[in-house]
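Understanding the architecture of this molecule
The chain contents come next:
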Amino acid sequence: MHPPPPAAAAMDFSQNSLFGYMEDLQELTIIERPVRRSLKTPEEIERLTVDEDLSDIERAVYLLSAGQDIQGTSVIANLPFLMRQNPAETLRRVLPKVREVLHVAGVEMQLTAAVSFLTILQEESVSIHTYAHAFLQVILLHLEHRDAGVSNAWLETLLSVIEVLPKETLRHEILNPLVSKAQLSQTVQSRLVSCKILGKLTNKFDAHTIKREILPLVKSLCQDVEYEVRSCMCRQLENIAQGIGTELTKSVVLPELIELSRDESSSVRLAAFETLVNLLDVFDADDRSQTILPLVKSFCEKSFKADESILISLSFHLGKLCHGLYGIFTPDQHLRFLEFYKKLCTLGLQQENGHNENQIPPQILEQEKKYISVRKNCAYNFPAMIVFVDPKNFHMELYSTFFCLCHDPEVPVRYTIAICFYEVSKLLNSGVYLIHKELITLLQDESLEVLDALIDHLPEILELMSTGGESSVQENKLSSLPDLIPALTAAEQRAAASLKWRTHEKLLQKYACLPHIISSDQIYYRFLQRMFTIMMTNNVLPVQKAASRTLCVFLRYNRKQEQRHEVIQKLIEQLGQGKSYWNRLRFLDTCEFIIEIFSKSFFCKYFFLPAIELTHDPVANVRMKLCCLLPKVKSTLKIPADKHLLQQLEMCVRKLLCQEKDKDVLAIVKRTVLELDRMEMSMDAEQLEKEKQQNDGRPMSDKTFEKKRRDTKTPTTLPKNIPISVPGPSGTSTPSTSKEVKKSKLIRSQSFNNQAFHAKYGNLDKCPSKSSTAGYTPSVSGLGKTSVISLTDDSFRTRNASSTPTSFSPSPSLPSTSRTGNSVDPKSSGSKDTQPRKATLKSRKSNP
């Protein structure tokens, strides 16, 4: 950092300095001149102004007639909307104007029109007959536009139209004119367009029509004097072969392909080769062995002497070629073809690469780029070559080639082989151990692109490695691969140090497979603490969440209680009770993952109370996130076992309703209360039955309970038609008659205004009568199905007791969970509230 200039220099008004300032001002003036010139004059603004009272159709007609080009282009771009809105008027008034302006339109307007016409076809705004009558001639008229981009745009639209036009329309409007358009007297552009249209028309007519009217045109264009036309027609022979069947393909198409494969132009020979490879499935074994195989052999032999672009195409189609000619090669041909593939895999690597790129001639650089493309294509086809040589022969025939591809100096080659690594692993099956070292090499690759490609299937690869390709899991997980853990940790650190956080996030997500691969001790000492560090220090939220979820998976599969308790304690102390609100937010994310991955009882035992304690958090964002999480938190509770936890949850929600000052948090609290109220509680059937028997004074044997359970078949969640009272903090019995219901609601209302809160929270002020919660009289079990809270403006009111069930059963089978019960003594109610809370807090201190 440079020191600031002295004050005298900052106030230098010398002549030289003033001249410098003047030059700067002149430069600024020059910069501003184009901006001033781009401003519209009042006359131009007047010409661009349109009467606002005009309808959409009238405005379109006016702009196409008297507007500027940019306005006309806007109207044409808006043509699909006009067709949806008023198709009849658009066809009658707007489309004729569009035809007029397209005769003299520029490139931008032509391209816009082609896209709009295609959109109208795809949206089916009008019938096919109407579309053909209104739009087809316009499309055909501009097919031979002098601009190649415009011509291609109209051609793409026409090819889409051909798919849906009826045969008669195709014959009269397209096929018949095509006979003259394909003649040598027409322009090259016209003949190129004819080639592509013929390839599309073949699938629309019967074999007789194709043989009589289309194939003569195809033969003529294959013999065209221009190599561009011959190449274009050659590439359409694949579509034509699919339309005419096997017999006509063998008698008509194959001879043309053989002749084109010997063409003087390399682009034509390349097109013929690629078309032959794509049609291998059409020909029988005799045609392949007697006709196609010699052509392929000759093509491969001449490829090194020809243009490198032919090598690129040949290397790309090698896999398909091996598959199509499999079983036809003689042993000698098989060996020669394999050697040809190996030679392509190392093409360009024999040259010295130590020189400076700036000193390399451009033609050499271009050649090296083509060689890289060849090796990349070889890597892409490597799985097919394993099938070609048989996986049993991999080590002898292809391992050295695989090693070269994994260590290739160019990133695109290593990236491609990393993508194929999973397929290679599957093909090798029990021989997957042969490529252990290459997995480590790619994990340690300096390029994150290679790592990103590899980790897409990392869990599957590691599973194959750990099982040796067999279905049964071995006890000694990856004992033969000691370098795996250092490679995984180093890969994560490289991803964390880069700016590619998506790769880092993906890698952390894939690490969730590690409990199935390595031991829990290895995870605990090598990975778990790293997940904590990422959660605490990383600045990217998706990365933190990925680390949090993976940590929860690690915890889920760790069976050592000491390690488990240590992790749980760290989560609560360093995140849930952390000084940074950001850490407390991540604790709530972790709670959500724990609810998803662990059992309900595990969450209730360790994380329920630490989570709801964040209702006291001083940061509104934390309280807001907790409110959004409360429905999931409540879903973990089971009644009657978790009555005391439900009591704590209700207390926290009430506190938020009464004391929350932040309007955004309060709005979410109100919505959450309604959602909590609609939730059904999970009922513990065994516990309910045992408590009922205990209340009746009759001990029940296990056999009696099992018979009772089978007879009743009590679901875990009671149906809605059974009236239940969701357990609240404490009480005696539940009212069962309507009078008792009304009395209970009155008592609960009085209890809310007079009763003290939990001792942990101290004596809280009562809710003011004119506050935002005025008029709300929550029941103690108002977070269940016993009461539905309605919102009017900012106030809560309880509905009629008849709107929801208010009692569990007439018999006292379940102790009442009403906070007031039959007594309204606030002291006794307060003691019942505080005692379970103290117990739970005490247990947390001893075992967090």
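From a predicted model like this one, the values you see are computed outputs, not experimental measurements. (Residues numbered from 1 in each chain as written. Predicted model: local features only at pLDDT ≥ 70, side-chain atom pairs only at ≥ 80, totals over all residues. Heavy atoms only, no water.)

Take the overall build of the protein next. Of regular secondary structure, the protein possesses 43 helices and four strands. Within the protein, buried positions represent 46% of all 848 residues. On the protein, roughly 43600 Å² of surface is accessible, and the fraction owed to carbon and sulfur atoms is 52%. (Helix = DSSP H or I, 4+ residues; strand = E, 2+ residues; numbered from the N terminus. Buried < 20%, exposed > 50% of the residue type's maximum accessible area, 1.4 Å probe, protein only. Areas by Shrake-Rupley, 256 points an atom, 1.4 Å probe, with all protein chains shown as cover.)

Attention now moves to the nonpolar core. Considering soluble globular proteins, one finds that nonpolar side chains tend to be buried as a cluster. The biggest cluster of nonpolar side chains holds 220 residues, and the ones touching the most others in it are F117, I197, L201, F382, Y511, F607 and F608. Tallying contributions element by element places helix α14 (residues 227-260) first for this core, with 15 residues. If we skip the residues at most four places from it in the chain, I197 touches L143, L155, L158, L159, I162, I174 and L178. (Core = buried A, V, L, I, M, F, W, Y, C linked by side-chain atoms within 4.5 Å. Contact = heavy atoms within 4.5 Å.)

Let's shift gears to the packing of helix α12 (residues 188-201) against helix α13 (residues 207-222). Packing of α12 against α13 brings their axes to within 11 Å, and their N-to-C directions diverge by 140°. Overall, the two elements α12 and α13 adopt an arrangement that is oblique. The handedness of the crossing between α12 and α13 is left-handed. Across the interface between the two elements, R191, C195, L198 and L201 of α12 pack against I214, L217, V218 and L221 of α13. Considering only residue class, the contact of α12 with α13 consists of seven nonpolar, no polar and one charged. (Axes fitted to C-alpha atoms, helices over the stretch in contact; angles between N-to-C directions. Parallel < 35°, antiparallel > 145°, perpendicular 65-115°, else oblique. Left-handed = near helix turned anticlockwise from the far one by under 90°. Nonpolar A, V, L, I, M, F, W, Y, C, P; charged D, E, K, R; others polar.)

Turning our attention to the confidence of the model for the protein. Here the protein averages 78 in pLDDT, while 72% of its residues score no lower than 70. Every residue in residues 1-19 is under pLDDT 50, and counting partners more than four places away or in other chains gives three contacts. Across residues 471-476 the pLDDT falls below 50, and counting only partners more than four positions away or on other chains, this stretch makes five contacts in the model. (pLDDT = per-residue confidence, 0-100.)

Further remarks concern helix α29 (residues 484-497). Taking 1.5 Å as the rise per residue, α29 with 14 residues should run 20 Å; its terminal C-alpha atoms sit 20 Å apart, in good agreement. Within the span of α29, buried status applies to L484, I485, A487, L488, T489, A491, E492 and A495. Check the buried side of α29 and you find it contacts α26 (436-443), α27 (448-454), α28 (458-467), α30 (501-510) and α31 (520-537). (Expected span 1.5 Å × (residues − 1).)

As enumerated under the stated definition, the model contains 23 aromatic pairs in all. Consider the rings of F117 and F135, whose centres lie 4.9 Å apart with planes at 75°: the pair is edge-to-face. Here F135 lies in helix α9 (residues 128-141) and F117 lies in helix α8 (residues 107-123), a separation of 18 residues in the sequence. Of the residues examined, F117 reaches a relative accessible area of 0% and is grouped as buried. Measuring from centroid to centroid gives 4.7 Å for Y131 and F135, while their planes differ by 25°, and the two rings are stacked. You can see Y131 and its partner F135 sitting in helix α9, four residues apart, about one turn around the helix. Each member of the pair, Y131 as well as F135, is classed as buried. Put simply, the rings of F587, F598, F602, F603, Y606, F607 and F608 touch in pairs and so form one group of aromatic residues. (Phe/Tyr/Trp six-rings, centres within 6.5 Å; stacked < 30°, edge-to-face > 60°.)

Throughout the structure, instances matching the rule amount to zero disulfides. C345 supplies the cysteine sulfur nearest to C378, a cysteine that is in no disulfide, at a spacing of 4.0 Å. (Disulfide = S-S within 2.5 Å.)

So, about the pattern of salt bridges. In the structure shown here, the tally under the stated rule is 29 salt bridges. Across the salt bridge formed by R92 and E89, the nearest N and O atoms sit 2.9 Å from each other. With R92 and E89 both in helix α7 (residues 87-102), this residue pair falls three residues apart, about one helical turn. When its relative accessible area of 56% is taken as the criterion, R92 is described as exposed. Put simply, R230 and D263 hold a salt bridge, and the shortest N to O gap is 2.9 Å. A residue pair is termed long-range when its members are at least 10 positions apart, and R230 in helix α14 and D263 in the loop between α14 and α15 (266-278) qualify at 33 residues. Overlapping salt bridges, with partners in common, bring together R171, R212 and E213 in one network. (Salt bridge = Lys/Arg side-chain N within 4 Å of Asp/Glu carboxyl O.)

Here we come to the side chain of S447. Assignment of secondary structure puts S447 in the loop between α26 and α27. Since its relative accessible area comes to 10%, S447 is described here as buried. From its side chain, S447 meets the backbone nitrogen of E449 in a polar contact 3.3 Å long. Leave out the neighbours within four places in its chain, and S447 touches V411 and R414. (Polar contact = N/O pair within 3.5 Å; in protein donor to acceptor, adjacent residues only side chain to side chain.)

As a further point, take the side chain of D617. Of note, D617 is situated in the loop between α36 (608-612) and α37 (620-634). For D617, a relative accessible area of 6% gives the class buried. A polar atom in the side chain of D617 sits 2.3 Å from the side chain of R584.

Here we take up the environment of F388. You can see F388 is positioned in helix α21 (residues 382-389). F388 sits in the buried class, given a relative accessible area of 4%. In this structure, the C-alpha to C-alpha distance between F388 and L338, residues 50 residues apart in sequence, is 8.7 Å. Discounting residues that sit within four places of it in the chain, F388 has contacts with C322, Y326, F329, H334 and F337.

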